[in-house]
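# Structure assessment
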Amino acid sequence: MEGVLVTGSASAELAGECARCLERIDDEIEVRFQELFVYDDQDYSSGEDDEVSMLEGDLVDLETLLRDAVVLALPFQPLCEDDCPGLCPDCGARLKDDPDHSHEEPVDPRWAGLAALKQDEQDQD
Ligand SMILES: [Zn+2]
Ligand SMILES: [Zn+2]
């Protein structure tokens, strides 16, 4: 045999934010991995075997293998739930908490000056 075949599984806790509504996400994933670690007394330095994993004496360093397995299993865009409606584009409210959320028609910008005058009047009263 040219090495040791390592097979295993690992679970990891995930902490992140929903890509749509920024809600905190706590989750867990389990990954499986398998990799051949070759004996380090062989010469693999040439060419195409750069990617080969090696034993270090009698020891196996699992860090890279574990990290790659977990990172590949991570969702590209984590969501708090599959159909998360995200945030209101006008005010940033979380639409899942407030699905019937609506806004009055925005004030026509040409009248915005009047609204400011009205506000001044109220301040003087
Ligand atoms: Zn969400
Ligand atoms: Zn809103």
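Our structure's up above, just so we're on the same page.
Think of each chain on its own: its residues are numbered from 1, step by step along the sequence as written. Labels are handed out in written order, letters beginning with A for the chains and numbers beginning with 1 for the ligands. Only residues with pLDDT of at least 70 are given local features in this predicted model, and only at 80 or more are side-chain atom pairs given and counted; all residues enter the totals for whole chains, interfaces and linings. Excluded from the side-chain calculations are hydrogens and water; all other atoms, namely the structure's heavy atoms, are used.

### Quick notes on the coordination of the zinc ion (ligand 1)
For Na, K and Ca the donor cut-off is 3.2 Å, while for other metals it is 2.8 Å, and in both cases only N, O and S atoms qualify; water is not among them, so sites may look incomplete. Protein coordination at the zinc ion (ligand 1) comes from C18 (SG), C21 (SG), C80 (SG) and C84 (SG), with a distance range of 2.3 Å. In this scheme the shape depends on donor count and angles: four donors with every angle between 85 and 135 degrees give tetrahedral, four or six donors with opposite pairs above 155 degrees and others between 65 and 115 give square planar or octahedral in turn, and any other case is irregular. For the zinc ion (ligand 1), the four donor atoms in the first shell make angles of 107 to 116° at the metal, a pattern classed as tetrahedral. One chain supplies every donor for the zinc ion (ligand 1), spaced along it as C-x2-C-x58-C-x3-C. Of this pair, C21 sits in the loop between β1 (3-17) and β2 (24-38) while C84 is found in the loop between α1 (63-73) and α2 (112-124), placing the two residues 63 residues apart along the sequence. Exposure classes here rest on a 1.4 Å probe applied to the protein chains alone. A residue is buried below 20% of its type maximum, exposed above 50%, and partly exposed in between. The class of C84 is buried, set by a relative accessible area of 3%. We count a stretch as a helix when DSSP gives it H or I for four or more residues in a row; a strand needs E for two or more, and each element gets its number in order from the N terminus.

### As for the nonpolar core
Residues belong to a common nonpolar core when they are buried Ala, Val, Leu, Ile, Met, Phe, Trp, Tyr or Cys residues joined through side-chain atoms within 4.5 Å. Counting eleven residues, the largest nonpolar core consists of V6, A10, A12, L14, I29, V31, F33, F37, L55, L65 and A69. Any two residues whose heavy atoms approach within 4.5 Å are treated as being in contact. Those residues in contact with F33 that lie beyond four places of it in its chain are V6, T7, G8, S9, A10, L65, L66 and A69.

### Topic: the coordination of the zinc ion (ligand 2)
Summarising the metal site, the zinc ion (ligand 2) is bound by the protein donors C88 (SG), C91 (SG), H101 (NE2) and H103 (NE2), whose distances to it range over 1.9 to 2.3 Å. Of note is the zinc ion (ligand 2), whose four donor atoms meet at the metal with angles of 102 to 117° in an arrangement that counts as tetrahedral. Motif for the zinc ion (ligand 2), donor spacing along one chain: C-x2-C-x9-H-x1-H. Of the two residues, C88 sits in the loop between α1 and α2 while H103 sits in the loop between α1 and α2, which places them 15 residues apart along the sequence.

### Description of the sheet that holds β1
A sheet is described by the order of its strands in space; here three strands give the open sequence β1-β2-β3, paired in mixed fashion. The open sheet has two edge strands, β1 and β3 (53-54), and neither has a second partner. Across 15 bridges, the pairing between β1 and β2 is antiparallel. Paired with S9 across the strands is R32, a residue of β2. Inter-axis angles, ranging from 0 to 180 degrees, are taken between N-to-C directions of lines fitted to C-alpha atoms, where helices are fitted over the stretch in contact. Running at roughly 135° to β2, α1 makes contact with β1 and β2 of the sheet. By this definition, two strands are paired if DSSP reports at least two bridges between them.

### Here we look at the layout of surface pockets
For the largest pocket, the calculated volume is near 200 Å³. In terms of lining residues, the largest pocket is bounded by F33, E35, F37, S53, M54, E56, D61, T64, L65, D68 and A69. Residue assignment for the lining of the largest pocket shows that the elements contributing at least two residues are β2, β3 and α1. At four residues, the largest contribution of residues to the lining of the largest pocket is made by α1. Residues of the lining of the largest pocket, tallied by class, amount to five nonpolar, two polar and four charged. Only protein atoms enter the calculation, which uses a 1 Å grid: trapped sets of points that fit a 1.4 Å probe without letting it out are cavities, open sets showing protein on both sides within 12 Å along at least five of seven lines are pockets, and any residue with an atom within 4 Å of a point is a lining residue. Grid points are joined across faces, edges and corners, and a volume is the space filled by probe spheres set on the points. Roughly 170 Å³ of volume is contained in the second largest pocket. Lining the second largest pocket are L14, A15, G16, I25, D27, L74, P75, P78 and L79. Breaking the lining of the second largest pocket down by element, the ones donating at least two residues are β1 and β2. Looking at which element gives the most residues to the lining of the second largest pocket, the answer is β1, with three residues. Put simply, Ala, Val, Leu, Ile, Met, Phe, Trp, Tyr, Cys and Pro go in the nonpolar bin, Asp, Glu, Lys and Arg in the charged bin, and everything else, Gly too, in the polar bin.

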